[in-house]
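# Remarks on the overall topology
For reference, the chains in residue letters:
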Amino acid sequence: MTPKEFNDCLNRIKNGDSRGMEPIYVNYYEKLVLTANCELHDRGRAEEVASSVMITIFENAGHYDYINFPDAWMYKAVKFAVIRQKQRLQREMLTDFSDFRYESKDEGMTFGIAFRGILENCTSRQREIVLLHFVYGLNIRKTAKAAGISVSTVKREISAVRSRLEFLRKID
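Here the structure is a predicted model, which means the values were calculated and not measured.

## As for the overall build of the protein chain
From N to C terminus, the protein chain includes 8 helices and 0 strands. If you list the helices and strands of the protein chain from N to C, you get α-α-α-α-α-α-α-α. Within the protein chain, contacts between residues at least 6 apart in sequence are counted, and of these 64% link residues at least 24 apart. Of the roughly 11,100 Å² of accessible surface on the protein chain, 52% is carried by carbon and sulfur atoms.

Next up, the structure:
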């Protein structure tokens, strides 16, 4: 979604046309869920976070200035929503099932578990770069700008993550 399209949608919402939210939802909802899920490791909570971001956009569309980089803006919005969600989770009493183990013959699940394990062992900067570059589809230069780091650092971090992911090609 281009910045003009994104801002046109916000203007439609601001002028009372709720249909302006649909293109934003279609383009970003699943990306927001994936981003939140990488941090929360709970699809249900990730969907709650993504929905809260969408509701906030709908309710506050009239207060936003022109947004030049909607992909980066949405990424930051979900990142702050995840932080708020984690703070709420710390206040709740949760039962820990981390010792629960199960066997699965589903290769897709095996791949997903392996991929999640690799992301968990990445630095927060590496996870942020993976999300901006691969999930949101920003090019390396825009990823560097959104993350506030140099282009060479982005390239180095992508290379490091790719080397960690190399063994996943062997999983069928």
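## Re the packing of helix H2 (residues 21-40) against helix H6 (residues 124-135)
Between H2 and H6, the least distance of the axes is 11 Å, while the angle of their chain directions is 160 degrees. Overall, the two elements H2 and H6 adopt an arrangement that is roughly antiparallel. Of the two elements, H2 crosses H6, and the hand of that crossing is right-handed. On H6, the residues that touch Lys31, Leu34, Thr35, Cys38 and Glu39 of H2 are Arg127, Leu131 and Val135.

## Describing the packing of aromatic side chains
For the structure on display, the rule yields 5 aromatic pairs. Ring geometry for Phe6 and Trp73: centres 5.8 Å apart, planes at 65 degrees, overall edge-to-face. On the criterion of sequence distance, the pair formed by Phe6 in helix H1 (residues 3-14) and Trp73 in helix H4 (residues 70-91) is long-range, its members being 67 residues apart. Classification of Phe6 as buried rests on a relative accessible area of 0%.

## Some details on the pattern of salt bridges
This structure, assessed with the given rule, holds 11 salt bridges. For Arg45, the salt bridge goes to Asp42, with nearest N and O atoms at 3.7 Å. Residues joined in a network through salt bridges with shared partners are Arg12, Asp17 and Arg19.

## Description of helix H8 (residues 151-165)
An ideal rise of 1.5 Å per residue puts 21 Å on 15 residues; H8 measures up with 21 Å between its terminal C-alpha atoms. Looking only at H8, the buried set comprises Thr153, Val154, Glu157, Ile158 and Val161. Buried residues in H8, looked at end-on, bunch into an arc of 130 degrees, giving them a common side. Exposed and facing more than 90 degrees away from the buried side of H8 are Arg156 and Ser163. For H8, the elements touching its buried residues are H6 and helix H7 (140-147).

Criteria and thresholds
- Residues numbered from 1 in each chain as written.
- Predicted model: local features only at pLDDT ≥ 70, side-chain atom pairs only at ≥ 80, totals over all residues.
- Heavy atoms only, no water.
- Helix = DSSP H or I, 4+ residues; strand = E, 2+ residues; numbered from the N terminus.
- Contact = heavy atoms within 4.5 Å.
- Areas by Shrake-Rupley, 256 points an atom, 1.4 Å probe, with all protein chains shown as cover.
- Axes fitted to C-alpha atoms, helices over the stretch in contact; angles between N-to-C directions.
- Parallel < 35°, antiparallel > 145°, perpendicular 65-115°, else oblique.
- Left-handed = near helix turned anticlockwise from the far one by under 90°.
- Phe/Tyr/Trp six-rings, centres within 6.5 Å; stacked < 30°, edge-to-face > 60°.
- Buried < 20%, exposed > 50% of the residue type's maximum accessible area, 1.4 Å probe, protein only.
- Salt bridge = Lys/Arg side-chain N within 4 Å of Asp/Glu carboxyl O.
- Expected span 1.5 Å × (residues − 1).
- Arc of directions from axis to C-beta.

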